[in-house]
Number of protein chains: 2
Amino acid sequence: MNLLLLQSSQINGTEATVTGRQLEHLNSVHQIDEGASVRVGQVNGLMGNGLIKSINTERAVLDINLDTPAPAPIPLKLIMAMPRPKMLRRCLQSISSLGVKEIYLINSKRVEKSFWQTPFLSDEAIQNELILGLEQSRDTILPKFYLRKLFKPFVEDELGDLIKNTKALVAHPSGTNNCPINIQKPTTLVVGPEGGFIPYEIEKLKEVGVEAVTIGPRILRVESAVPALISRLFPG
Amino acid sequence: MNLLLLQSSQINGTEATVTGRQLEHLNSVHQIDEGASVRVGQVNGLMGNGLIKSINTERAVLDINLDTPAPAPIPLKLIMAMPRPKMLRRCLQSISSLGVKEIYLINSKRVEKSFWQTPFLSDEAIQNELILGLEQSRDTILPKFYLRKLFKPFVEDELGDLIKNTKALVAHPSGTNNCPINIQKPTTLVVGPEGGFIPYEIEKLKEVGVEAVTIGPRILRVESAVPALISRLFPG
């Protein structure tokens, strides 16, 4: 936790109250005492410092001063096939920490149906992972998150509008062009499931204007592929 | 498993025998039958195809034809502070899948001493993770792996020689220069522990000629930082 990210419900004027997971972290990992200063931020707001006025096992009270804007978002819409649940949580944290602010989780032929049954897809569980990513990276802007459980309607009815005024790419081993480097303009990136999109899906994506690109001869797991792709497109 | 990676002990002329983990994977995940063709490779050798001559729950026998070289290695020496054990295994797989062929795992003030007690540091455990990474990415060249449990002697006595004729970088939030993009020349990259190297350690690294560089305002976990850094240096 490189930033203590506060919900507006935790803030009253310049005072913030911390309980639960965040309090436990302050007590156990950071071993914070009264008078210590920690980095804080408000969800979708500014960042700054918090002075610990009191702390025990029940709650911490901080005097906060928020004056610094969050880092600039990465201008990327990320559309990702649903990964297996144990990978989903890590991926969401990682994507959130990388500065992506718009995430679509979609279906694909090679996504096992059982993946959609995971409790990690509840609104609260998703938000928790996204917040952990922001706390890791020191950011406050919560990504927007969308579930699209049907591939064809999503691509046919929605994707065309989504990719308007963006460079639209799908990372695919059969892509003949290399993925661009340091693109620095609004981009939509589609990432397939383990085993890749099937040829029909790639064709559907191409029909609406998404270009298949490769990032080299090696096939990466989604948890490595996503940071590699984002870092290549937006080296910052 | 995008490649069935065979040890030379499994190969006799053009015939290969598969048991254990790899057999289980062929049977359960790929549901391979006699007559099917799978991608195979030999550790530190060529890649090609294998025709399944027989398969049951005891063993599979393949007729193999190896004719394709492995993808070119990434000219990078990666020096990484020991991560927490549950992250270590994922990191080794990921690094191996990214095409890195020389990995040093080093100590740092912020590495918990208990991390070094993990059974995942046995030669066999390390090699297993590296092979899983190669099977993921379709590569055959096993990375060289070194443990260095003392920071100061490693930096003072060994690092100077290691970085000779390479661009030597340490990724650090306080780095004033941006990490270079698309460098395409031999590079040594040093990556710190959770919480970062302490100032003394950064000074020691600088003394032998390692430059501190930043990859942007966000602090990434090592499992996202390493693919992001490698992809930025060597977009392929």
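The structure we're discussing is the one just above.
Undergrad: Explain the interface of chain A and chain B to me, and be specific about the residues and the numbers.
TA: Counting residues at the interface gives 32 residues for chain A, matched by 32 residues for chain B. Summed over both sides, the interface of chain A with chain B buries roughly 2,600 Å², with 50% coming from carbon and sulfur. Among the residues chain A hides against chain B, the three largest losses belong to A:Gln136, A:Arg218 and A:Ile219. Together they make up 26% of the total. In this structure, the connection of chain A to chain B is made through four salt bridges.

Undergrad: Account for the packing of helix H4 (residues 151-162) of chain B against helix H5 (residues 199-207) of chain B, with residues named and values stated.
TA: Residue and element names in this part refer to chain B. Contact geometry of H4 with H5 gives a least axis separation of 10 Å together with a crossing angle of 10°. Looking at the two axes, H4 sits roughly parallel to H5. Taken together, the residues of H5 that come into contact with H4 (itself represented by Phe 151, Lys 152, Val 155, Glu 156 and Leu 159) are Tyr 200, Glu 201, Lys 204 and Leu 205. Among the residues making up the contact of H4 with H5, the classes are represented as five nonpolar, no polar and four charged.

Undergrad: I'd love a proper account of the sheet that holds strand S6 (residues 60-68) of chain B, names of residues and values included.
TA: Residues and elements named next belong to chain B. Spatial strand order, S1-S4-S5-S6-S3-S2: six strands in an open sheet with mixed pairing. Where the open sheet ends on each side, the last strands, each with one partner, are strand S1 (4-6) and strand S2 (11-12). Both S1 and strand S4 (residues 37-42) contribute to a ladder of three bridges, which runs parallel. Its bridge partner being in S4, Leu 5 is matched across the sheet by Gly 41.

Cut-offs used in this document
Residues numbered from 1 in each chain as written. Chains lettered and ligands numbered in written order. Predicted model: local features only at pLDDT ≥ 70, side-chain atom pairs only at ≥ 80, totals over all residues. Heavy atoms only, no water. Contact = heavy atoms within 4.5 Å. Buried area = accessible area lost by both parts, 1.4 Å probe. Salt bridge = Lys/Arg side-chain N within 4 Å of Asp/Glu carboxyl O. Axes fitted to C-alpha atoms, helices over the stretch in contact; angles between N-to-C directions. Helix = DSSP H or I, 4+ residues; strand = E, 2+ residues; numbered from the N terminus. Parallel < 35°, antiparallel > 145°, perpendicular 65-115°, else oblique. Nonpolar A, V, L, I, M, F, W, Y, C, P; charged D, E, K, R; others polar. Pairing = 2+ DSSP bridges.

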